[in-house]
Amino acid sequence: MRVDEFYNFMIKRETLRLVKEQGGPWPWTNDPILQTYKFTNVKRAHDKTTRWFWENVLDKHHNAPKEELLFNCALFRYFGTIEFSEAIGGWTENWTKHKDIIRNIAKERLRQGKKVFTGAYVITNQGIKAPKQDVVIDEFLTPLWHKLPDLVAVANETQSWQAVAIEMMKLKGFGGTGFMTKEVLQDAIHTPVFSTCSDINTYCPVGPGAKRGINRVLGFDKDAKLNNGLEVMIKLFNERAVFWPEDWVTLELHDIQFQLCEFDKYERVMHGEGRPRSRYKHG
């Protein structure tokens, strides 16, 4: 296994963040790939969009009902931009009352060429012939709104994000690889929806990018069939005591999953297999 190479990539990415935040001069790394393309921080909580959402939305509504907290995590992640969240006021207490207002704001912003949906990941219509904002509102978020009491009940009973994810992935727009479910619940874990998460370091959905990253770490073809992704991720996570600096940020299993996706992107550039969607724009 190429464990050392994987951790070396994470260390380079975290070093870049530390140098930048300490006010070091550009470039913050001598790695030309990291200088050129966008790669997420090792800790999702350090990324600009997540940091803004937690500080400006979740923290301000910390005492809201658990159902509202969970739903607004999904609302934010399905559109995924700070600009759109600001445009809709960042929060909804009554989806049935507000969904058409939000729909119209999305429609008008798209008409004006303003940001609505994130470019960080792909939001698909799942074959439904309707504008994307209508699919997200009517097909994905509205069924979730009606399912909230059941999901919160599972969270209360189990304190397991796996148990909640299993139920959430039954909903359209949250199944498949479980990517959107993972994105939403990773926010919810840091709210009172989970008073303590019992399986934060023993469970995590393995997305397609992480699977490619795992195959690269194992020395296999990146597109090889993978049946034990979670097992391999846990093994990589358990190597942190050997490869990750002791006085740095504390890693969680999801960080490994997230960075396997980034490792795949990095290697793709290194081997001339393609380029990430976004270039890094300094200044």
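These numbers were taken from a predicted model, which means no experiment stands behind them.

Novice: Give me the pattern of salt bridges: which residues, what numbers.
Specialist: Tallied over the entire structure, the rule returns 25 salt bridges. Salt bridges linked by common partners bring R44, R77, K182, E183 and D187 together as one network.

Novice: Break down the environment of N125 for me, citing the residues and quoting the values.
Specialist: With respect to the helices and strands, N125 occurs in the loop between α6 (95-111) and α7 (132-158). Considered as a pair, N125 and K172 are 47 residues apart in the sequence and their alpha carbons are 10 Å apart. Beyond its immediate sequence surroundings of up to four residues, N125 is in contact with A130, P131, K132 and V135. Of note is the side chain of N125, whose polar atom sits 2.6 Å from the backbone oxygen of A130.

Novice: A description of the packing of aromatic side chains should follow, citing residues and the corresponding values.
Specialist: Scanning the entire structure with this criterion turns up 20 aromatic pairs. Consider the rings of F9 and F39, whose centres lie 6.1 Å apart with planes at 70°: the pair is edge-to-face. Of the two residues, F9 is situated in helix α1 (residues 3-21) and F39 in the loop between α2 (32-36) and α3 (48-58); the sequence distance between them amounts to 30 residues. Like F9, the residue F39 is buried in the burial classification. Measuring from ring centre to ring centre gives 6.2 Å for W28 and Y280, while their planes differ by 75°; the resulting arrangement is edge-to-face. Here W28 is found in the loop between α1 and α2, whereas its partner Y280 is found in the segment after α13 (253-270), with 252 residues between them in sequence. Note on Y280: relative accessible area 27%, which makes it partly exposed. Directly above the aromatic system of F117 lies the positively charged group of K132, at a separation of 5.1 Å from the ring centroid.

About the cut-offs
- Residues numbered from 1 in each chain as written.
- Predicted model: local features only at pLDDT ≥ 70, side-chain atom pairs only at ≥ 80, totals over all residues.
- Heavy atoms only, no water.
- Salt bridge = Lys/Arg side-chain N within 4 Å of Asp/Glu carboxyl O.
- Helix = DSSP H or I, 4+ residues; strand = E, 2+ residues; numbered from the N terminus.
- Contact = heavy atoms within 4.5 Å.
- Polar contact = N/O pair within 3.5 Å; in protein donor to acceptor, adjacent residues only side chain to side chain.
- Phe/Tyr/Trp six-rings, centres within 6.5 Å; stacked < 30°, edge-to-face > 60°.
- Buried < 20%, exposed > 50% of the residue type's maximum accessible area, 1.4 Å probe, protein only.
- Lys NZ or Arg CZ within 6 Å of the ring centre and 35° of its normal.

Read these as layout, nothing more, since geometry by itself doesn't imply function.
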